[in-house]
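Here is what each chain is made of, one letter per residue.
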Amino acid sequence: MEMYTKAETLELRRKHIGPSCKVFFPKDPIKIVRAQGQYMFDENGEKYLDCVNNVAHVGHCHPDVIKAAVKQMELLNTNSRFLHDSLVQYAKRLTATLPEQLSVCYFVNSGSEANDLALRLARQYSGHQDVITLDHAYHGHVTSLIDISPYKFNQLGKDSKKEFVHVAPSPDTYRGKYREDHPDPGSAYADDVTKIIEEAHKNGRKIAAFIAESMQSCGGQVIPPAGYFQKVAESVHKAGGVFIADEVQVGFGRVAKCFWGFQLQGEDFVPDIVTMGKPIGNGHPMSCVVTTREIAEAFGASGLEYFNTFGGNPVSCAIGLAVLDIIEKEDLQGHASRVGNYLVQLLNEQKEKHPLVGDVRGVGLFVGVDLVKDRQKRTPATAEAQHIIYKLKEQRILLSADGPYRNILKFKPPMCFSMEDAKHVVNQIDEILTDLEEVTTSNIGNGLPTSTHCKRKTPTDGSNHESNSHINRNRCRQENGFCTEGHKVPCKRIRT
Ligand SMILES: Cc1ncc(COP(=O)(O)O)c(C=O)c1O
């Protein structure tokens, strides 16, 4: 299955691939040659448990997805200017998973394209320009989305925020401004959005949209408090803007109880625009924007045709349909509920046992573990999170750490992730935490650094592809007490 040795692949990559395209574990990248279900295999046949690929939603290389793709490729692939049944059939099936008002689809090719189009729809419909986004949010790699992604633009310096962008606090009830002890954090966070709108109006600015992931993923696996979206939507609508729910990471049943993440807020909340990506095609590049008839009509009123060469082609639609069929046929939502609950239960047992575990949160197979150096102060345990990621890699488990401090262990495995997989990964984490805590207690003042709060952004080498650039990574690691050869821990201070 290999054309080149690993060293040759790396060398060719250095020569021909843009240097800002990063790999996981840069000092010892993994070369994957095949995958099946929730497992990936390297060039030596080593099997890795995949806890990071939410794109391979129904499992890597699912036979039904492959069959659907091949069958349609043998027959026809063309663009949406021709009538084709699979386009309308897929739109019908997809919109049936959503509240009735969300009935009009635009098929595109990536999460970024979906969010960029969502902004165009919002601006055309509202006649306004400004966008409210959440702190630490990531919405895509194109210019229009870097502008509204604090996760990215904050790295570009202090004047990088554009005037039309307004940043609201992330509704994180563990680490954010209003926490679990607040009587109504949902309203408190929503009131902050209302204040932002008022302030914008005072400055003569008008809000086109509020955009948020239904649950922030790069932002640190944040589950917004009850009532937050309803109240935000009310304020945004009053201001003439629309609510865009980014489901690129969290949609398609990952949250188990509902098909879409925003539905966790209750039936009385319906966004105006929903964007989808990653899991929609199980790895095939496709995505979608769904909106209301009213917004779609306003977009059409500009007179501009919307044409997208690949969006909604028959092969993508056949794949999308196969993914929906599999989710249903294999009861992947039920499975995500059972395995996700078990995973959270096991992780909560770790919380009882290990002071490093500050918070465990999850719905379905969207799970986060916030690691802390000090439970009272909630000091982020960034270095420890990085250490865990590297040690897990040695045990052939792929997990990432993310969030503003890169201290959140982020579980987003393929939906076929099993009970045994959950048990296995938590057992490994248990051992690593036990070792880490032994070092910390036996080396007070001389062990791991007392402050792992890295003032610079600390992209994780083990993190997913949307992680930050390498700027200052090594300096951060050093500040955090780690060797720059991150994966080669132990450096002196950590017993392994
Ligand atoms: C929440 C969210 N929105 C949008 C995107 C952009 O999607 P893509 O990389 O397919 O353009 C990402 C990618 O990581 C994402 O996490």
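Above this text you will find the structure in question.
In what follows, the accompanying structure is described.

Cut-offs applied
Residues numbered from 1 in each chain as written. Predicted model: local features only at pLDDT ≥ 70, side-chain atom pairs only at ≥ 80, totals over all residues. Helix = DSSP H or I, 4+ residues; strand = E, 2+ residues; numbered from the N terminus. Contact = placed C-beta atoms within 7 Å. Buried ≥ 20, exposed ≤ 12 C-beta atoms within 10 Å, placed from the backbone. Pairing = 2+ DSSP bridges. Axes fitted to C-alpha atoms, helices over the stretch in contact; angles between N-to-C directions. Parallel < 35°, antiparallel > 145°, perpendicular 65-115°, else oblique. Nonpolar A, V, L, I, M, F, W, Y, C, P; charged D, E, K, R; others polar.

For the rest of this paragraph, the subject is the environment of alanine 200. The residue alanine 200 is located in helix H7 (residues 185–202) in this model. Sequence separation of alanine 200 and aspartate 130 is 70 residues, and the distance between their C-alpha atoms is 8.7 Å. When near neighbours in sequence (up to four residues on either side) are disregarded, alanine 200 contacts Asp130, His166, Arg205 and Ile207.

A few words on the environment of glutamate 100. Secondary-structure assignment places glutamate 100 in the loop between helix H3 (85–95) and strand E4 (104–108). Judged by the 9 C-beta atoms lying within 10 Å of it, glutamate 100 falls in the exposed class. Distance in space between the C-alpha atoms of glutamate 100 and threonine 292 is 8.8 Å, their sequence separation being 192 residues.

Bridge count for strand E2 (residues 39–42) against strand E3 (residues 47–50) is three bridges, and the pairing is antiparallel. By the bridge assignment, methionine 40 is partnered in E3 with tyrosine 48. Linking two consecutive strands that pair antiparallel, namely E2 and E3, is a turn of four residues; a positive phi of about 85° is found at glycine 45 within it. Inspection of the sheet shows E3 paired to strand E14 (residues 397–398) by two bridges, in the parallel sense. When the sheet's bridge partners are listed, aspartate 50 is paired in E14 with leucine 398.

A positive phi angle is found at histidine 136, which is not glycine, with a value near 70°. Turning to its location among the elements, histidine 136 is positioned in the loop between strand E5 (130–134) and helix H5 (143–146). When the 23 C-beta atoms within 10 Å are taken as the criterion, histidine 136 is described as buried. In this structure, alanine 256 is a non-glycine residue whose phi angle is positive, near 70°. Inspection of the secondary structure puts alanine 256 in the loop between strand E8 (242–246) and strand E9 (273–276). Given 23 C-beta atoms within a 10 Å radius, alanine 256 is considered buried.

This next bit is on the packing of helix H4 (residues 111–126) against helix H9 (residues 293–300). Where H4 meets H9, the closest approach of the two axes is 8 Å, and the angle between their N-to-C directions is 80°. Looking at the two axes, H4 sits roughly perpendicular to H9. Residue-level inspection shows Leu121, Gln124 and Tyr125 of H4 in contact with H9, the latter providing Ile295, Ala298 and Phe299. Tallied by class, the residues present in the contact of H4 with H9 amount to five nonpolar, one polar and no charged.

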